[in-house]
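If you want the building blocks of each chain, they are given just below.
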Amino acid sequence: LKKIKISNTINIPIGGKPVDDIVVLKQGEFSGVKPSLIPFITPKLAVKVGDEVKIGSAMFFDKKDTDLLYLSPTCGVVEEIVYGDKRSLSSVIIKNNGKTDTEEKQSFSDISSIDVDTLRKAICQGGLWGIFKEFPFNNIPKTDSILPESIYVSLDNDEPFHPKSEVYLQDNLDDFSFGLDALKKLFTNVYMGVPLKSKSTQELLEDHITHKIKGHYPANQSDTLLYKNKTSSDDNNSFGIFGQDLIRLGYLLKNGKYPNTKIITLGGSILKKPTHLEVIDGESIANILKDEDIGDARVIAGGVFKGRTSCLKGYVGFNEYAIHILSEDLKQDLFGFMKPGFFKPTNSRTYMSFLNPFKNTNRDVSLYGEDRSCINCDFCYQVCPVDLQPQFIMKELYAKDVPNALSMGMLDCNSCGVCTYVCPSKIELSDIITTAKDDLYKELSK
Ligand code: SF4
Ligand code: SF4
């Protein structure tokens, strides 16, 4: 067991932290499955409007890797298929019928007696291969890829706010252990980091934890741990997985049933009741927020740094565990630059609020400044958890010099978004680097 300290992390003063109770949400009228949120795949539908589906029925798969299946989290009738730009497949909407009819999958009583190929096939047919991500591009690994030696389990995601391990593990330890046995069968090294402050998780999983991690966001991301733990560039090809997905994996393999529920967080200071919620996967955001009055506030699904803007017509994605509500109340602040700014967020001591950053934690979507050129302040470097100099990588990418950007460690970027957050020139550093990595992945996969 190693203790590691990740410097250059950030404790974000943001309010509306979910309480540790879990509220079980009654399923809404509609659920949604969203192929558009799965990176790098070319989705092909396995259903059409009017089809009846059960929990675990095939909904779509990747045309280029037909064993990469995504299944229905609910039981009902396909109501609508929504297309986006250039007729790309966006969502499949299911009208729920309130039943729990479920397609049977393969189940196992003991993982130790199964071989790796059988296990891999059961995970694919059970619709869960998509819980794995492959570094350094964060793609879903090919279902027939050679498995790397190592996988990194992220028990807690410090991005505000994600389900806490001590909350989601509470009643699910058996499934988690079963899922962990499966991982140990597939990978030689299973690295598992736990925040130093999560004492109860440390007690629950003391035989399995490999790293205790000190640091704020994004210290507990699996790719941050990989960066600190790797000994050569070969280790970059490791896999990553989120802790709660081990519960889904264990449930599937033990029961032969698709795990259609998960714990998510509902956070944000304008909410009456920020909390952990147990929902059916693909739950509608309107149903999640039915007891809240959010007006025209922004709905962010998947985390305030790495998530996406959604809305009341949206649905929770397969790999999403958080809904955050941020105020859109953008008031003009006349001569704001002349004011001390006791309540404005600052990371660079521009405003007096640095003296007590947690005094006002009500956040909104304002940029608090305007776009301008890089002023070489170095703030982005000071917060980068993987020791990159984002400003120089960005400049190489603007000059279209990808080889130079690669030589500066671009592939180590974990898209945490903190550099963008602190940049006084409002440069979208994280997006620029992530887009370049995505383009490179697409080029290499041709
Ligand atoms: S934080 Fe922004 S302005 Fe400062 S060095 Fe980085 S990119 Fe340039
Ligand atoms: S360069 Fe990448 S890893 Fe570093 S702070 Fe920016 S987004 Fe995070």
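Residues numbered from 1 in each chain as written. Chains lettered and ligands numbered in written order. Predicted model: local features only at pLDDT ≥ 70, side-chain atom pairs only at ≥ 80, totals over all residues. Heavy atoms only, no water.

Next up on the list: the packing of helix α1 (residues 116-125) against helix α6 (residues 243-255). Packing of α1 against α6 leaves a shortest axis separation of 10 Å and a crossing angle of 105°. The angle between the axes of α1 and α6 places the two elements in the roughly perpendicular class. Judged by residue contacts, Leu119, Ala122 and Ile123 of α1 engage Leu249, Leu252 and Leu253 from α6. For the contact of α1 with α6, the class distribution of residues is six nonpolar, no polar and no charged. (Axes fitted to C-alpha atoms, helices over the stretch in contact; angles between N-to-C directions. Helix = DSSP H or I, 4+ residues; strand = E, 2+ residues; numbered from the N terminus. Parallel < 35°, antiparallel > 145°, perpendicular 65-115°, else oblique. Contact = heavy atoms within 4.5 Å. Nonpolar A, V, L, I, M, F, W, Y, C, P; charged D, E, K, R; others polar.)

Residues in close proximity to ligand 2 total 13 residues, the closest being Cys384, Cys413, Asn414, Cys416 and Cys419. When the residues that make up the shell around ligand 2 are grouped by side-chain class, the tally is nine nonpolar, four polar and no charged. (Near = heavy atom within 4 Å.)

This next bit is on unusual backbone geometry. Cis rather than trans, the peptide bond between Phe135 and Pro136 has omega equal to 5°. Positionally, Pro136 belongs in the loop between β10 (133-134) and β11 (150-154). In the segment running from Pro160 into Phe161, the intervening peptide bond is cis, with an omega of -10°. Along the chain, Phe161 falls in the loop between β11 and α2 (165-168). Unlike most non-glycine residues, Asp378 shows phi in positive territory, near 80°. With respect to the secondary-structure elements, Asp378 resides in the loop between β19 (322-326) and α8 (379-383). According to the relative accessible area criterion, Asp378 is partly exposed, its value standing at 28%. (Buried < 20%, exposed > 50% of the residue type's maximum accessible area, 1.4 Å probe, protein only.)

A separate point is the sheet that holds strand β7 (residues 65-71). Strand order in the open sheet formed by three strands is β4-β6-β7, with antiparallel pairing between adjacent strands. What marks the edges here is a single partner per strand, and that holds for β4 (43-45) and β7. With strand direction ignored, the average angle separating the axes of adjacent strands in the sheet is 35°. Here β4 runs beside strand β6 (residues 58-62); their pairing, made up of three bridges, is antiparallel. (Pairing = 2+ DSSP bridges.)

Tallied over the full model, the rule gives 12 salt bridges. Here Asp245 and Arg248 are joined by a salt bridge, their closest N and O atoms 2.9 Å apart. Linking Asp245 with Arg248, this pair stays in helix α6, spanning three residues, or about one helical turn. A single burial state applies to Asp245 and to Arg248, both of which are buried. If you follow the salt bridges from partner to partner, you end up with Asp245, Arg248, Lys262 and Asp281 in one network. (Salt bridge = Lys/Arg side-chain N within 4 Å of Asp/Glu carboxyl O.)

The local shell around ligand 1 consists of Cys374, Ile375, Asn376, Cys377, Asp378, Cys380, Gln391, Cys423, Pro424, Ser425, Ile427 and Leu429. Taken together, the residues of the shell around ligand 1 break down into eight nonpolar, three polar and one charged.

This part covers the side chain of Asn414. With respect to the secondary-structure elements, Asn414 resides in the loop between α10 (402-407) and α11 (418-422). In this structure the side chain of Asn414 is engaged in a polar contact, spanning 3.0 Å, whose partner is the backbone nitrogen of Cys416. Leave out the neighbours within four places in its chain, and Asn414 touches Pro218, Gln221, Asp223, Thr224, Lys306, Pro385 and Val386. (Polar contact = N/O pair within 3.5 Å; in protein donor to acceptor, adjacent residues only side chain to side chain.)

Below, the discussion takes up the packing of helix α9 (residues 390-398) against helix α12 (residues 429-444). Running from N to C, α9 and α12 point in directions that differ by 55°, and their axes come no closer than 10 Å. Relative to α12, the element α9 lies oblique. Crossing geometry of α9 relative to α12 is assigned as left-handed. Contacts between α9 and α12 involve Pro390, Gln391, Ile393, Met394, Leu397 and Tyr398 from the former and Leu429, Ile432, Ile433 and Ala436 from the latter. The residue makeup of the contact of α9 with α12, split by class, is nine nonpolar, one polar and no charged. (Left-handed = near helix turned anticlockwise from the far one by under 90°.)

This brings us to the nonpolar core. Counting 61 residues, the largest nonpolar core has Ile123, Trp129, Phe132, Phe176, Leu183, Phe187 and Leu253 as its most contacted members. The dominant element in this core, judged by the number of residues it contributes, is helix α3 (residues 173-186), at six residues. Other than its neighbours up to four places away in sequence, Phe187 contacts Phe132, Leu147, Pro148, Glu149, Ser150, Ile151 and Phe239. Formed by 20 residues, the second largest nonpolar core is a distinct cluster that contains Leu397, Ile432, Ile433 and Tyr441. (Core = buried A, V, L, I, M, F, W, Y, C linked by side-chain atoms within 4.5 Å.)

Once that is clear, we can look at α3. An ideal rise of 1.5 Å per residue puts 20 Å on 14 residues; α3 measures up with 20 Å between its terminal C-alpha atoms. By the burial criterion, the buried members of α3 are Asp175, Phe176, Phe178, Gly179, Leu180, Ala182, Leu183 and Leu186. Packing partners of the buried residues in α3 comprise α1, β11, β12 (189-195), β14 (239-242) and α6. (Expected span 1.5 Å × (residues − 1).)

On the basis of which strands lie adjacent, the open sheet formed by six strands has the order β1-β13-β12-β11-β14-β10 and mixed pairing. The open sheet has two edge strands with one neighbour each: β1 (2-5) and β10. Across three bridges, β12 lies against strand β13 (residues 211-214) in parallel orientation. Looking at β13, one finds that Gly193 is bridged to His211. Packing of α3 onto the sheet brings it into contact with β11, β12 and β14, and relative to β12 it is tilted by some 140°. The strands that helix α5 (residues 222-229) touches are β1, β10, β11, β12, β13 and β14; relative to β11, the one it contacts most, it runs at about 130°.

Mapping Thr275 onto the fold places it in strand β16 (residues 275-280). At 3.2 Å, the side chain of Thr275 forms a polar contact with the backbone oxygen of Asp21. For Thr275, the contacting residues outside a window of four places in its chain are Pro18, Val19, Asp21, Val23, Ile264, Thr265 and Leu266.

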